[in-house]
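# Notes for the structure review
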Amino acid sequence: MIYADNAATTKLSPHALEVMVETAQNTWGNPSSLYELGQRAQEALSDARSRMAALLGADAKEIYFTSGGSEGDNHAIRSCARLGAAKGKRHIISTAFEHHAVLHTLKRLEKEGYEVTYLPVHENGIVTADEVKAAIRPDTCLVTIMFANNEIGTIQPVKEIGAVCRAAKVPFHTDAVQAAGHVKIDVKEMNIDLLSLSAHKFHGPRGVGALYCRTGLPLYPLIEGGAQERNRRAGTENVMGIRGMVTALEDMVKDLDKNAAYVSRLRDKLIDGLSAVPHSALNGDRANRLPGNVNFCFEGIEGESRPLLLDQAGICASSGSACTSGSLDPSHVLLAIGRPHEVAHGSLRLTLCEENTEADVDAILKAVPEIVEYLRGFSPIWQDLESGRRAHML
Ligand SMILES: *Cc1c(COP(=O)(O)O)cnc(C)c1O
């Protein structure tokens, strides 16, 4: 089997697993308990917090542990919205191609009386800091723009956007779930006020993440209850998962340059190979993209059947994103970069990691063109395109 769906989730690293087993066996107390077993868990938690902070260029007291990326996004956005409303500010700036954890939270806030500006992301899948600057109003209470897109892998000019927000004194949140562990992050240097990440996208466990919130920016709780996480996030801490997450991220950051060089070489080979398929196109900027992300549109095929055929060929990949599969709507990301509906339906996302090999890429490059040709063979749209009844778009 070839696993090429690392944007959906990643395999737990053996090192993280080892630390988790050790924690479950020896440090399983409740960190709020005052006896030795609990205090040992408290120390493990505090050690994990400092290490997470160091990985992001933050202070330990700026880190809040969460259940993952969706919670971090909801928490950051809802907190800033509430802070804004207290000052009479109810305008939020975001983009049209955010993850649903952000988009659906914003849709809910619109129903609650907030106004949201969704910036266009252009054909290359990138927003510019100038566009953010032009959209900021006196009543803007939050800018939330993802660090790297989960479908097309494009990386945003986060530092520049952060500088614009800092100058306008508007809080800046970034969903860095796809970026953490794969590209360099330094919250101070990049002018980031809030950042969410999730362990299972960098070989950590599922169901655990972190939210960074800059000192001086109030953070309202999303989940109320006990006094954990300095009253900002109730719930008995998942010390095992948190320790596994920090271990996984440390390992990824330690080898970041080496991994990026290796994975992007495989990515580029895959992009070059798939570009040879007639009437195909790479989605998103070729240069400013995650090391492992390949996303193509193929004209004249429908999205649903292709991942199944790839599965038969032993390749795990996705059409669009895991979150949109199961629905027949084309990806909102591909529509946001201007792909027409028919073209957006025929998309394929292959996301690689350090464990993939050159042989994997060769196998994919053999299977995909064959599957595309096979599917085009009985596609009415393809017949129209080939006979000239309909004009090619790619
Ligand atoms: C996976 C993902 C999320 C959701 O993270 P979970 O930990 O699965 O809740 C949010 N944003 C992006 C960009 C993602 O890729």
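Summary of the structure given here. A quick note: this is a predicted structure, and the numbers were derived from the prediction, not measured. (Residues numbered from 1 in each chain as written. Predicted model: local features only at pLDDT ≥ 70, side-chain atom pairs only at ≥ 80, totals over all residues. Heavy atoms only, no water.)

## Let's talk about the sheet that holds strand β8 (residues 209-213)
Rule in force here: DSSP calls a pair of strands paired once it identifies at least 2 bridges connecting them. Helix and strand assignments follow DSSP, with helices taken as H or I runs no shorter than four residues and strands as E runs no shorter than two, numbered in order from the N terminus. Orientation is described by lines fitted to C-alpha atoms, with helices fitted over the stretch in contact, and by angles between N-to-C directions that extend from 0 to 180 degrees. Whether two residues are in contact is decided by their heavy atoms, any of which lying within 4.5 Å being enough.
The sheet built from seven strands is open, its strands ordered β2-β8-β7-β6-β5-β3-β4 with mixed pairing. Bordering the open sheet on either side are β2 (63-66) and β4 (115-119), each of which pairs with just one other strand. Within the sheet, the average angular offset between the axes of one strand and its neighbour, ignoring direction, is 20°. Packing of helix α2 (residues 36-56) onto the sheet brings it into contact with β2, β7 (194-198) and β8, and relative to β2 it is tilted by some 110°. This element, helix α3 (residues 69-86), spans β2, β3 (91-95), β5 (140-144), β6 (172-175), β7 and β8 of the sheet and lies at about 160° to β7.

## Here we look at the pairing of β5
What counts is decided by this rule: Each residue gets one of three labels from its accessible area relative to the maximum for its type: buried under 20%, exposed over 50%, partly exposed in between, using a 1.4 Å probe on protein chains only. A crossover gets the label right-handed when its path from the first strand over the helix to the second runs clockwise, viewed with the strands pointing away from the viewer.
The element β5 is largely enclosed, with a buried count of five among its five residues. Bridging between β3 and β5 involves three bridges; their strand directions are parallel. Following the sheet pairing, isoleucine 92 is matched in β5 by leucine 142. Here β5 runs beside β6; their pairing, made up of two bridges, is parallel. Across the sheet, threonine 144 pairs through a bridge with histidine 173, a residue of β6. For the segment spanning β5, helix α6 (residues 158-168) and β6, crossover handedness is right-handed.

## Considering the site of the ligand
This is how it is decided: Nearness is defined per residue: one heavy atom within 4 Å of the molecule or strand is enough. Nitrogen and oxygen atoms within 3.5 Å of one another constitute a polar contact, given that in protein one can donate a hydrogen and the other can accept it, and given that sequence-neighbouring residues count only through two side-chain atoms. Here the accessible surface of atoms and residues is derived via Shrake-Rupley with a 1.4 Å probe, and residues count as covered only by protein chains that are part of the display. Each residue is assigned to one class: nonpolar for Ala, Val, Leu, Ile, Met, Phe, Trp, Tyr, Cys and Pro, charged for Asp, Glu, Lys and Arg, and polar for all the others, Gly among them.
Taken together, 13 residues form the shell around the ligand, and within it Ser70, Asp175, Gln178, Ser198 and Lys201 come nearest. Contacts to the ligand include serine 198, whose side-chain N or O atom sits 2.6 Å from an oxygen atom. Here an oxygen atom of the ligand sits 3.0 Å away from a polar atom, N or O, in the side chain of histidine 200. For the ligand, the accessible surface in isolation is 380 Å², of which the surrounding protein chains cover 87%. When residues of the shell around the ligand are assigned to their parent elements, the largest contribution, three residues, is made by α3. Within the shell around the ligand, the residues separate by chemical class into two nonpolar, eight polar and three charged.

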